[in-house]
Amino acid sequence: MSRASVPRTGVGHDIAQILLSSRPISWINTAFPFAAAYLLSTREIDPTFVIGTLYFLIPYNLAMYGINDVFDYASDLANPRKGGIEGALLSPRIHRATLWAAAATNVPFLVYLFAVGNPASWWWLAVSVFAVIAYSAPVLRFKERPFLDSITSSTHFVSPAIVGLALAGAPVSAATVVTLGAFFLWGMAAHAFGAVQDVGPDREGGISSIATVIGARATVRLAIGLWAVAGVAMLLTPWPGPLAAVLAVPYIVNAAPWWNVTDDTSGRTNRAWRRFIALNYIAGFLATMILILAWVS
């Protein structure tokens, strides 16, 4: 009996499933970049900081992952990773509710952020929201456009930081550009490495990705290379930025054992992907320490 053949009902269960689709374990990955960028630029906690952080913590992720889970339902049925912290397996009967929940929770926050923003923040907020929708929504489906999939995914995590900087009116410096560039490369590497474990299910479901096109082995090596370049780039930033170069090392070490992975064994990289999720919390803690050092410097 398949996972989809035993329906569970109830408003409470449906709400829990919709919330699960937002990937609570990954909320911090989008909220932290915004909060850090805005706080370091303004050095104050104001309503925009609070509302922006809350937006990128929950509603943003509900839109990003909820839309994905709705339109990827058919392929997710064949993916053993789905149905837990790595992605909800939403019953078709709550697909419409999920999309409405995403819209209803996003609109109020977006109205506020546009109201208090400026042309630069409007532009980057629009880019951020477009990337969220375009990644999974029908017709656009950037997630099925190899290389553009990794670029779009990275935009999901870097754009909140840019929105924070723009809202704060922060000047554009070389150090900022390099830091954001390194973060972008990290995001591309993260997406590419994550795609490796789904080579089998994606091919069976007729879904293209960076990993299905160039193969599992080449994708792992590309991810490691991107993490390495991101780390080196941070060495070019002012103190204490170079300390962040060390943050790339655990990711490289985690992926390195899969340097010679094959398409047939690509599913086993899920073990490394689960460690990757934990590494994000460790790296986030260390990044916070570096940001505190930057604050007092």
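Computed from a predicted model, the values in this text were never measured in an experiment.

## Some thoughts on the overall build of the protein
Line of reasoning, step 1. The secondary structure content of the protein amounts to 14 helices and zero strands.
Line of reasoning, step 2. Over its C-alpha trace the protein gives a radius of gyration of 19 Å, about what one expects of a compact globule, namely 19 Å for 297 residues.
Line of reasoning, step 3. Residue pairs in contact within the protein that sit at least 24 positions apart in sequence constitute 75% of those at least 6 positions apart.
Line of reasoning, step 4. In the form shown here, the protein has an accessible surface area of approximately 13,600 Å², with 72% of it arising from carbon and sulfur atoms.
Line of reasoning, step 5. Of note, the protein has its 18 positive side-chain charges centred 4 Å away from the centre of its 14 negative side-chain charges.

## Section: the packing of helix α2 (residues 28-42) against helix α14 (residues 270-296)
Line of reasoning, step 1. Taken N-terminus to C-terminus, the directions of α2 and α14 make an angle of 0°; their axes are 12 Å apart at the nearest point. As the angle between them shows, α2 and α14 are arranged roughly parallel. Taking contact as the criterion, the partners of I28, N29, F32, A36, L39 and L40 in α2 are, on α14, N280, Y281, G284, A287, T288, L291 and W295.
Line of reasoning, step 2. Of the residues that constitute the contact of α2 with α14, the class distribution is nine nonpolar, four polar and no charged.

## With respect to the nonpolar core
Line of reasoning, step 1. If you look at the biggest cluster of nonpolar residues, it comprises 27 residues, and the most contacted ones within it are W186, F193, V220, W227, Y251, W258 and F276.
Line of reasoning, step 2. Elements represented by at least two residues in this core include exactly α9 (174-196), α11 (210-214), α12 (216-234), α13 (248-255) and α14.
Line of reasoning, step 3. Counting residues per element, this core draws most heavily on α9, at eight residues.
Line of reasoning, step 4. The residues contacting V220, other than those within four sequence positions of it, are F193, V196, A255, W258, W259 and V261.

## A few points about the environment of L54
Line of reasoning, step 1. With respect to the helices and strands, the residue L54 is situated in helix α3 (residues 47-57).
Line of reasoning, step 2. Judged by relative accessible area, which is 40%, L54 ranks as partly exposed.
Line of reasoning, step 3. Through-space distance from the C-alpha of L54 to that of A230 is 28 Å; in sequence the pair is 176 residues apart.
Line of reasoning, step 4. Once residues within four sequence positions are removed from consideration, L54 is found in contact with P59 and F109.

## Details of helix α4 (residues 59-71)
Line of reasoning, step 1. Between its first and last C-alpha, α4 extends 18 Å over 13 residues, near the 18 Å set by a 1.5 Å rise per residue.
Line of reasoning, step 2. The complete set of buried residues in α4 reads P59, Y60, N61, L62, A63, M64, Y65, G66, I67, N68, D69 and V70.

## A look at the UniProt feature "transmembrane region" (unreviewed entry) in the protein
Line of reasoning, step 1. Cross-referencing UniProt, the feature "transmembrane region" (unreviewed entry) maps to residues 97-115, 121-140, 161-186, 206-236, 243-261 and 273-296 in the present numbering.
Line of reasoning, step 2. Span residues 121-140 is 80% helix and 0% strand, its end C-alpha atoms 24 Å apart.
Line of reasoning, step 3. With 77% helix and 0% strand, residues 206-236 has its two end C-alpha atoms placed 42 Å apart.

Cut-offs and rules
Residues numbered from 1 in each chain as written. Predicted model: local features only at pLDDT ≥ 70, side-chain atom pairs only at ≥ 80, totals over all residues. Heavy atoms only, no water. Helix = DSSP H or I, 4+ residues; strand = E, 2+ residues; numbered from the N terminus. Rg over C-alpha atoms; globule rule 2.2 N^0.38 Å. Contact = heavy atoms within 4.5 Å. Areas by Shrake-Rupley, 256 points an atom, 1.4 Å probe, with all protein chains shown as cover. Lys, Arg positive; Asp, Glu negative; His and termini not counted. Charge placed at Lys NZ, Arg CZ, Asp CG, Glu CD. Axes fitted to C-alpha atoms, helices over the stretch in contact; angles between N-to-C directions. Parallel < 35°, antiparallel > 145°, perpendicular 65-115°, else oblique. Nonpolar A, V, L, I, M, F, W, Y, C, P; charged D, E, K, R; others polar. Core = buried A, V, L, I, M, F, W, Y, C linked by side-chain atoms within 4.5 Å. Buried < 20%, exposed > 50% of the residue type's maximum accessible area, 1.4 Å probe, protein only. Expected span 1.5 Å × (residues − 1). UniProt positions renumbered as here; feature names shortened; annotations may be inferred.

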